[in-house]
Structures are given as structure tokens and as C-alpha cells.
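Chain by chain, the residues:
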Amino acid sequence: MKRIRILLLISALSALLVVAGVYFAVNYGSRWIPEPLVQLAREPDLLENAESKKCSECHKLIFEAWKKSRHSRAWVSETYIKNSEDRSKEKCLACHIPEMVRAGVKPDPRLWNRDEGIYCVPCHVFGDAPPGTPPGATPPPACAEVENSPPCKGGRGDSLPVVTPASGTLAMNGPYDLFSPPHPTRQNPDYRKSKFCGSCHQKTLKEWEGTGSEKTCQSCHMPPAEARLTQKFILGLFHAKKPVGDHGFRHGEIGDADLAMEARIAGGAIAVALTNQTIPHLVPTADNGDPRLFLYAVLRDAAGVELEKYKEIIAPQLETALPYRKTAEYKFPLVPSAKRAEIFLQYQPAWSKERSDVRRIQMDL
Amino acid sequence: MKGHYKLALTALLILLAVLPVQSFAKDMVAKEPPKSLDKLYPPVNKEQKWVQQMHKISGHFGGVFVDMGEQDWENAEKHAARFVESYKEAADMVPEWKDYFDHESARKFAEEVKTRDAARIGKAAGPVGKTCGKCHDDQYLSVWTRYHWPSADKIAITDPVDEKELKYGKYMSLLSGAFKGVTVNFGEGQYDRAKKALGGFKKRFMELKSVCSKCHTGDAVKQFYVGEASAQAFDGMEAELNSPKPNPGNFWKHVGTLGYEGCKKCHLTHRAYAIVQEIWEEKEEARK
């Protein structure tokens, strides 16, 4: 009996040691795992334009957050289809179906798996060639390297010699240096920089750069939460918890502290002041979409009958959006017999006609 | 003297190479482009493959003459051979247009380049250049209208005054009506009415900025059509209408500025293509 207990104890300790060893190797010492063993676990199709469903087999939480995001709707959104003339507008393609997102480089549109819009592969799978290198090819050589080539005299690039296809070694890129058996990973600091998002959100990036704010796109729109990167049963548990960015790409949540609205009577008018206090870009902001804030001032008599309704539209495409830490003032003339005023601000995102209340003020006149 | 003769001949040949793109047709019919072109343009293709192919043909055809002028016969022959290849590729890309292509003339042209005789090369360039010109005459406008100009009719715009969503054509009628509300009342000396109408007209006019962004990615285009000059014209009209005795000379000058900056510049650029599209859309409707 005693022998069995000792054996059980040794087995339990050995199992614990193995688990601890695997945990250590996965999180801190992957270089000690023999390469043939790593290759056995590799799933090469993950680097070959895999669908998000495939990624979700391990990265369940990230997938679920992304599925709810506007990024996942980029190609199938009804508003997008309508506004892009059934997706035929060329200017929209690069960012609604990017082939490969690299920091500071506007992507090319892709031809495969378009329904998934902006999803895992375009943002995370690419080679180690410098940004700007097209997928599957190195940049064309300079004229000096192409001896007696007619195009170097000013001809067209199409007749440049075909170059060796290679955009570097493909890997799953992300902000962490970690080990993942199914696919090679590569740490890339760009994932923590606004420049990465600015590949598509170029105007917003420019606005943000102008503010000098230290908050990045990721810190507000992908706030991190302590979690495991993978949820696959058992194997997922071997990954240590770490801050994981919210792949729901938060948007449009304008808090009380973010946008101040004040109203006063001045010079025979109601003066309404709006101040973007905390958001380090225009509010609303968009490169090509058309999100809007609607500011209304409704004047009523003592019986509550509407006498006048004023409106201002605050939108990036109208060049009236609210800059960071600046106050915009709107004046609405008073009318005789007006006793009360209701001032309210509503937000309409680019992808919907539905509006939500942002602020509301009642005033006795 | 011999050098001058060569230079003049080269210039003439280059001119010949360019000439075919110009139209001499008396009657112009803008037929809709063939369906197979769809696959050579976004969104079906990720690039404008047809434009690239045209550049390829044109680059090699022009390359022959550039190299010929430099007596660089080796490269001239390479360009001639690549011209024949790319000409053939283009014919295969749009089967509906196969009759525009004359492969025998293209082949003869490449053969003549090997003779290194400028006069013979120029003579052989004529027939093949004409095939380019014929296709351009018939199809150039249609292709640009279809693939380079989004349809204005499909633009929806929310009226900033009553918040109804309207098709672009309807919106332009509304804008035109709002404009007349200002000018007709001003002409009649009914300044209060003109002032009230100006508020709505200004909102609707300025909303056009959002229309620019439906196709254009840069903001400069907004400034070109609905920019500072238009804003100043509105300020000037408002100032006149707020004054006890509006000055008609000043007022109409501002109206003229708006008409030139916004209406004329935009119509001059966009209207012709939109008219062709409208005719096609009407035909399409009639077919249904």
C-alpha cells in the first residue's frame, strides 16, 4: 500500500514537473524545444490565407470580439455596399478588403475571402521583408542593377525582369514575443503604434499626430484586458495570461468627460459651446465615412408649443468636426414668446442612420 | 544635313504614333463597354489591368521610336517584339474587341524594325497605329465613363434641412430651387424672404462637401468646389441681406462667385460623363 502511495506521489510530481516544464518552455524557453518537434505541431495552412474560423479554433475570445466589430463587417455592411455602388468604388477597396496591413503603408485590395473584411490574416500574416514590399515579390531592382534593360531608359515597369518571389519568411505577427506550436510568430513593435492603424485611418492619424497626445489608437480603441491569447482546451492553459487588446475596436463611446456642452443666453441668442476635452482627434472623425453629430436647439412657448428648431451638423466631411481641446460655439437667435429651450446633441455613426443621444440640456428663458 | 533629315523623320513618326488616339468621327456613339472588361477593373480585379495593358502597348510602341531616334536598334527590336506580344495579349483579354486588332500589321511592323530603315518602319507603323485609333475612337469615352467615373445617380445624400435622404439628381433640383428662392426674392426686393431662403440654401450648398468625399479621398477637391471663395460669397450675401439697404451690385457679384466656384466648375468636370451614364441607365431601365 505504501509502495503504491509512493508511486502515485512520484507520478503526480512527474506530471506536475512536465506541466511546469511545458509551461516554462512555451512562455519563456521555446528555444529549448527541439525543432523537429516544433515542425510536427505546425499547421502550414494557417499562413495560407486561412479564414477567421480557423483562427477561432484557438483564439476564441479574440475572434468573438472581432466578430462584433465593424472591421468584420467592412465588406458586407449594407451601408458600405450602398455607398460604394455595390462595392465598385475603387477608393474603398484597399481598406475594406486589405491584402496585407503594414504600418505606414496603404494596403492593396485582396481578391480572396473578401466577405471577412478586415480580419486576422491581412493584419497578422506577412513576411519579414520591409513594409511596402508587395506580397509574394521583392521590389523591382533599380535601373542600375538591370543591365541594358530598355525600361530603365524611361519605359514601363511592366517589362522589368521578373524577380524572385519572396516577401520574406511568413509568420504570425503581433505585439508579443511568444511561442505558438501551430504557427511561427514574430514580435513586431508596430502593433503598439498608431502608425499601424494609420495605414488605413490616415486622416485620423494625421489629426492625432497634430494633437501631440501620448495616447495611441490602441490604448483607447483596443484597451487591453488580462487574458490568455488562446482558449483551446488544455493547450491554451499553457499560455500565461497577459494584456490582450480588445479586438472589438471600441468606437463611438463618448463619455461625460470627453465632450462638454454648455449653453447660455448672450446677445439675444442661445450660445452653445461644445468642447472636445479628451479625444485626441476630430470628433467625429473618418477618412471616407460620414459620421455626424447633430446639435439641435428647440425653442418652445409656455404651453410647450415648438416655435423654432435650429440645427448644426458637426461632421468631418463637412469640415465642421470638433478639434481636440478646442471649443466651438454655435448661436441660435431667441424668438419672442419663447419660454423654454431644449438643446440636445445626437450621434450618428457612419454605418447607420440611427442616432443616439450624447447630451441634453433644458433651459428656462 | 543628313542628321536634320533623320530628326525630322523621327519627329514625324512619333507624331504618327500619337495621332491615332485622336477622334475624327463625325457621329459619336458612346456604346456600353463589353462585359469582359469588368474582370480587368476593380472591384473584380484589384488593379486596372486594362489601363496597364494599354500602357504596356503604348510604352513598347513608343519605345521603338525613342530607340530608333537614338540609333539603339537592339532595344528598338526588343520593344517591337514586346509590342507584338502585348498587342496579342490585349486582343485575348477582350474577345468582343478582337476585330479591332490587326495582328498581321503588328507582325509586319516588328519585322520592319529589324531592317533599321526609318522610312519603312514609319510606313509599317501606320496601319497598326490606325487599329489603336479606331478602337479609341469607338470605345475610349465609354470605358472611361464606365470604369473611371462612379455613377452620380447612385449617390444618396441626406438633406441637411429636412433630413430626408435623396438621390443626387433630386438633391440637385432641391438645391437649384433653394438657390432660386434666394435670387428670385432678392430680385423682387423681398429681402426678408431672400434672407430666410439663404439659410437653407447655404446649408444645402455646403452639404456638397460631403458629396465630394463619396468619391474623392483627398480634401483639396472640397476646397476647389466648395471652398473659401464660396464661404466668403455666402458671408457677403448675408451681409447685404442684413444691411438696411442691400446693394444689388454687391449681392449679384457674390451670387456670380458661387455660380462659378461651385456650380460651373463642378458641372464642367462631372456633367458630361454623368449625362452619358444617365442615358445608359435610362436604356437599362427601358430594357427591364
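In the block above lies the structure referred to throughout.
The following refers to the structure shown. (Residues numbered from 1 in each chain as written. Chains lettered and ligands numbered in written order. Predicted model: local features only at pLDDT ≥ 70, side-chain atom pairs only at ≥ 80, totals over all residues. Heavy atoms only, no water.)

Considering a nonpolar patch on the surface
Residues and elements named next belong to chain A. As a reminder, the rule being used: Each patch is assembled from residues with relative accessible area greater than 30% and no salt bridge, linking like charges that lie within 9 Å and nonpolar side chains (Val, Leu, Ile, Met, Phe, Trp, Tyr) that lie within 5 Å. Computed by Shrake-Rupley with a 1.4 Å probe, the accessible areas treat only the displayed protein chains as cover when residues are assessed. Salt bridges are defined by distance alone: a side-chain nitrogen of Lys or Arg within 4 Å of a carboxyl oxygen of Asp or Glu. In this description a helix means any DSSP run of H or I spanning at least four residues, a strand means any run of E spanning at least two, and both kinds are numbered starting from the N terminus. Residue burial is assigned from relative accessible area. The probe radius is 1.4 Å, only protein chains are included, and a residue is buried under 20% of its type maximum, exposed over 50%, and partly exposed in between.
On the surface, Y23, F24, Y28 and W32 cluster together into a nonpolar patch covering about 480 Å² of accessible area. Positionally, W32 belongs in the loop between α1 (2-27) and α2 (35-41). Looking at W32, the relative accessible area reads 58%, which means it is exposed.

As for the sheet that holds strand β6 (residues 259-266) of chain A
Residues and elements named next belong to chain A. Note the following rule: Strand pairing is defined by DSSP finding a minimum of two bridges between the two strands. As a rule, the C-alpha atoms of each element are fitted with a line to give its axis, helices using only the stretch in contact, and angles between N-to-C directions run from 0 to 180 degrees.
Spatially, the 3 strands line up as an open sheet ordered β6-β7-β10, and their pairing is antiparallel. Whereas interior strands pair on both sides, the edge strands pair on one side only; in this sheet they are β6 and β10 (327-333). The sheet shows a mean angle of 20° between the axes of neighbouring strands, taken without regard to direction. Judged from the 7 bridges that link them, strand β7 (residues 269-276) and β10 form a sheet pairing that is antiparallel. Residue pairing for β10: V272 is matched across the bridge by Y330.

A few points about α1 of chain A
Spacing of three or four residues puts side chains on the same side of an α-helix, whose turn is 3.6 residues. Residue and element names in this part refer to chain A. Definition in use: To estimate how far a helix should reach, multiply one less than its number of residues by 1.5 Å. The contact definition used throughout considers only heavy atoms, calling two residues in contact when any of these lie within 4.5 Å.
Here α1 contains 26 residues, and its C-alpha end-to-end distance of 37 Å stays within 8% of the 38 Å for a straight helix at 1.5 Å per residue. Among the residues of α1, A25, V26 and N27 are the ones counted as buried. Contact partners of the buried residues in α1: β5 (242-245).

Focus: the packing of helix α6 (residues 168-187) of chain B against helix α7 (residues 191-206) of chain B
Residues and elements named next belong to chain B. Cut-off, in case you're wondering: Throughout this description, any angle smaller than 35 degrees is read as roughly parallel, any larger than 145 degrees as roughly antiparallel, any in the 65 to 115 degree range as roughly perpendicular, and the remainder as oblique. With the far helix as reference, a near helix turned anticlockwise by less than a right angle produces a left-handed crossing, and one turned clockwise produces a right-handed crossing.
For the pair α6 and α7, interaxial distance at closest approach is 8 Å and the crossing angle is 155°. The angle between α6 and α7 places the two elements in the roughly antiparallel class. The two elements α6 and α7 meet at a crossing, and its hand is left-handed. In contact with Y171, L174, L175, A178, F179, G181, V182, N185 and F186 of α6, α7 contributes Y191, R193, A194, A197, L198, F201, R204 and F205.

A closer look at the pattern of salt bridges
Residues and elements named next belong to chain B. Counted by the stated rule, this structure contains 40 salt bridges over all chains. The residue D138 makes a salt bridge to K134 at a minimum N-O spacing of 2.7 Å. With D138 and K134 both in helix α5 (residues 118-147), this residue pair falls 4 residues apart, about one helical turn. A relative accessible area of 22% means that D138 is categorised as partly exposed. With relative accessibility at 44%, the residue K134 sits in the partly exposed group. Between D159 and R204 there is a salt bridge, with its nearest N and O atoms 2.8 Å apart. With D159 in the loop between β1 (156-158) and β2 (165-167) and R204 in helix α7, this pair connects stretches of sequence that are 45 residues apart. Look at R204 and you get buried, because its relative accessible area is 13%.

Some remarks on the sheet that holds strand β11 (residues 340-348) of chain A
All names here are of chain A. Taken in spatial order, the 4 strands line up as β9-β8-β11-β12 in an open sheet, and their pairing is antiparallel. Each edge of the open sheet is held by one strand with a lone partner, namely β9 (306-314) and β12 (356-364). Geometrically, the sheet is characterised by an average inter-axis angle of 15° between neighbouring strands, direction not taken into account.

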